[in-house]
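# Structure at a glance
If you want the building blocks of each chain, they are given just below.
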Amino acid sequence: MASVMETGQNAKTLVHYEARDGVAILTLEDPPANTYTYEMMQQLDAGILRARMDESVSVIVLCGAGEKFFCAGASIKMLAEVTPTFKYYFCLHANETLNRLEQTPKLVIAALNGHTVGGGLEIAMAADLRIARRGAGKIGLPEVNLGVLPGTGGTQRLARLVGKAKAIDLMVTGRTFEFDEALELGIVDYIYDAPDRAAFMDQVLAFARQFTPPHRAAKAVGHIKRAVQTGVELPIGEALAVERELQQLLFQSEDAREGLNAYNEKRTPTFRGR
């Protein structure tokens, strides 16, 4: 693994980047809770861009280092030391980073290997799918207990996942809860049983690889994501126009030709991501 960003000769690696088998793995690493600072968010931003520009990468997986935490959110120590102006720009950059993740036309999976609270859940909600390890930790947005709100997209993305009333309830009470309840609410998409983090990550990566060539048309997967992420925020007429334009791009792709030919020839398609 290597750092995705070097801010100086002695820069600490806070986000590790590894790409293999069509999957880029971005690991948040700042023990004990993988809390993020401006420096970590810069490295995450750089990692997202690196995965976006890498034509061999079809899927991005986010995870946390260690057995106990995916991410516990922004560093409280850092927030207590900086000025209100710095906090504002810090939140602005974090929002921009997560928007970039959300709009990257590649499938993004958050692997919740441990506690996923506060800004950690906000990062996870910017992914397309969330897979949790059963019993590995709690999840929730407890920012109200600090006298603030979930300011890195939490109020908006949670409401879009669970509806306004339930989102308000979860945020004003600030309670944290098990991944099983998160599955029932639609915050988590899958829960895996695994004895440890390593086994869990093996399961997540096996899931992720099914969306890479030759198994799946990665460009179609990315365009489906873009159609949903962009279109859901638009009036229906404009959203359908986005869908048509993305479909037209796919009609011109090698994978669309392969998919149609394989169907007519009654064989399994071999996609190339082109």
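The notes below deal with the structure included here. Every chain is numbered on its own, with residues counted from 1 as its sequence reads. Thresholds applied to this predicted model are a pLDDT of at least 70 for local features of residues and 80 or more for the giving and counting of side-chain atom pairs; totals over whole chains, interfaces and linings are not thresholded and use all residues. Think of the side-chain values as coming from all heavy atoms in the structure, minus any hydrogens and water.

Moving on to the overall build of the protein. What the protein contains, in helices and strands, is 11 helices and 11 strands. For the radius of gyration, the atom set is restricted to C-alpha positions; the globular benchmark scales as 2.2 Å times the number of residues to the power 0.38. Here the protein has a C-alpha radius of gyration of 19 Å; the compact-globule value for 274 residues is 19 Å, and the two agree. Along the three orthogonal principal directions, the C-alpha set of the protein runs to about 60 × 45 × 40 Å. Burial classes follow relative accessibility: with a 1.4 Å probe on protein chains only, a residue under 20% of its type's maximum area counts as buried, one over 50% as exposed, and anything between as partly exposed. Across the 274 residues of the protein, 47% fall into the buried class. Counting contacts in the protein only where the partners sit at least 6 residues apart, residues at least 24 apart contribute 68% of the total. Charge counting follows a simple rule: Lys and Arg are positive, Asp and Glu are negative, and His as well as the terminal groups are ignored. Taken as the charge centre is NZ of Lys, CZ of Arg, CG of Asp or CD of Glu, depending on the residue. Here the protein contributes 30 positive and 33 negative side-chain charges, whose respective centroids are spaced 2 Å apart. Secondary structure follows DSSP: runs of H or I at least 4 residues long count as helices, runs of E at least 2 residues long count as strands, and numbering of each begins at the N terminus. The criterion used for residue contact is that any of the two residues' heavy atoms lie within 4.5 Å.

As a further point, take helix H1 (residues 38-53). Over its 16 residues, H1 extends 23 Å from the first C-alpha to the last, a length consistent with the 22 Å expected when each residue adds 1.5 Å. Buried within H1 we find Met40, Met41, Gln43, Leu44, Asp45, Gly47, Ile48 and Ala51. In a helix, the anticipated span is given by 1.5 Å times the number of residues less one.

The next point concerns a nonpolar patch on the surface. Taken together, the side chains of Ile76, Leu146 and Val148 present a nonpolar region at the surface, about 290 Å² in accessible area. Looking at the secondary structure, you find Leu146 in the loop between strand S9 (138-140) and helix H5 (154-162). When its relative accessible area of 56% is taken as the criterion, Leu146 is described as exposed. Patch members must show over 30% relative accessible area and no salt bridge, and they are joined within 9 Å when carrying like charges or within 5 Å when they are nonpolar side chains of Val, Leu, Ile, Met, Phe, Trp or Tyr. Computed by Shrake-Rupley with a 1.4 Å probe, the accessible areas treat only the displayed protein chains as cover when residues are assessed. When a carboxyl oxygen of Asp or Glu is within 4 Å of a side-chain nitrogen of Lys or Arg, the pair counts as a salt bridge.

Turning our eyes to something else, we now look at the sheet that holds strand S10 (residues 176-178). The 4 strands are arranged S5-S7-S9-S10 in an open sheet whose pairing can be described as mixed. One side of each edge strand has no neighbouring strand; the edge strands of this open sheet are strand S5 (69-71) and S10. Ignoring strand direction, the axes of neighbouring strands in this sheet form an average angle of 25°. Criterion used throughout: strands pair if DSSP finds at least two bridges between them. By the bridge criterion, 3 bridges tie S9 to S10 in an arrangement that is antiparallel. Across the sheet, residue Gly140 finds its bridge partner in S10, namely Thr176. In this analysis an axis means a line fitted to C-alpha atoms, helices contributing only their contacting stretch, and an angle means the value between N-to-C directions, from 0 to 180 degrees.

Another aspect to go through is the packing of aromatic side chains. Planes of paired rings set the category: under 30 degrees apart is stacked, over 60 is edge-to-face and the rest tilted, where pairs are Phe, Tyr or Trp rings (Trp by its six-membered ring) whose centres lie within 6.5 Å. Within the structure shown, the criterion is met by 6 aromatic pairs. Aromatic pair Tyr36 and Phe90: ring centres 5.8 Å apart, planes at 35°, arrangement tilted. In this pair, Tyr36 sits in the loop between strand S3 (23-28) and H1 while Phe90 sits in helix H3 (residues 84-103), placing the two residues 54 residues apart along the sequence. The interplanar angle of 70° and the centroid separation of 5.3 Å between the aromatic rings of Tyr88 and Tyr89 together place this pair among those described as edge-to-face. Assessed through its relative accessible area of 51%, Tyr89 is described here as exposed. Members of the aromatic cluster, each reached through a chain of ring pairs, are Tyr190, Phe207 and Phe211. When the ring centre of Tyr17 is taken as reference, the NZ or CZ atom of Arg50 above it lies at 4.1 Å. In this scheme, Lys NZ or Arg CZ marks a charge over a ring once it lies within 6 Å of the ring centre and within 35 degrees of the ring normal.

Note on terminology: disulfide denotes any pair of cysteine sulfur atoms within 2.5 Å. Considering all chains together, one arrives at 0 disulfides under this definition. Left without a disulfide partner, Cys71 is nearest to the cysteine sulfur of Cys63, which lies 12 Å away.

Turning our attention to the environment of Ser75. Along the polypeptide, Ser75 turns up in the loop between S5 and helix H2 (76-81). On the basis of relative accessibility, which here comes to 11%, the residue Ser75 falls in the buried class. Taking the C-alpha atoms as reference, Ser75 lies 9.2 Å from Ala33; in sequence the two are 42 residues apart. Whenever two N or O atoms come within 3.5 Å, that pair is a polar contact, provided that in protein one can donate a hydrogen and the other can accept it, and provided that, for residues adjacent in sequence, both atoms are side-chain atoms. Among the polar contacts made by the side chain of Ser75, one reaches the main-chain amide nitrogen of Met78 at a distance of 3.1 Å.

Our focus in this paragraph is the pairing of strand S4 (residues 59-64). Buried residues dominate S4, accounting for 6 of its 6 residues. The sheet contact formed by S3 and S4 spans 6 bridges and is parallel. Across the sheet, residue Thr27 finds its bridge partner in S4, namely Cys63. On the question of chirality, the crossover connecting S3 to the parallel S4 by way of H1 is right-handed. The path from the first strand over the helix to the second decides the hand: if it runs clockwise while the strands point away from the viewer, the crossover is right-handed.

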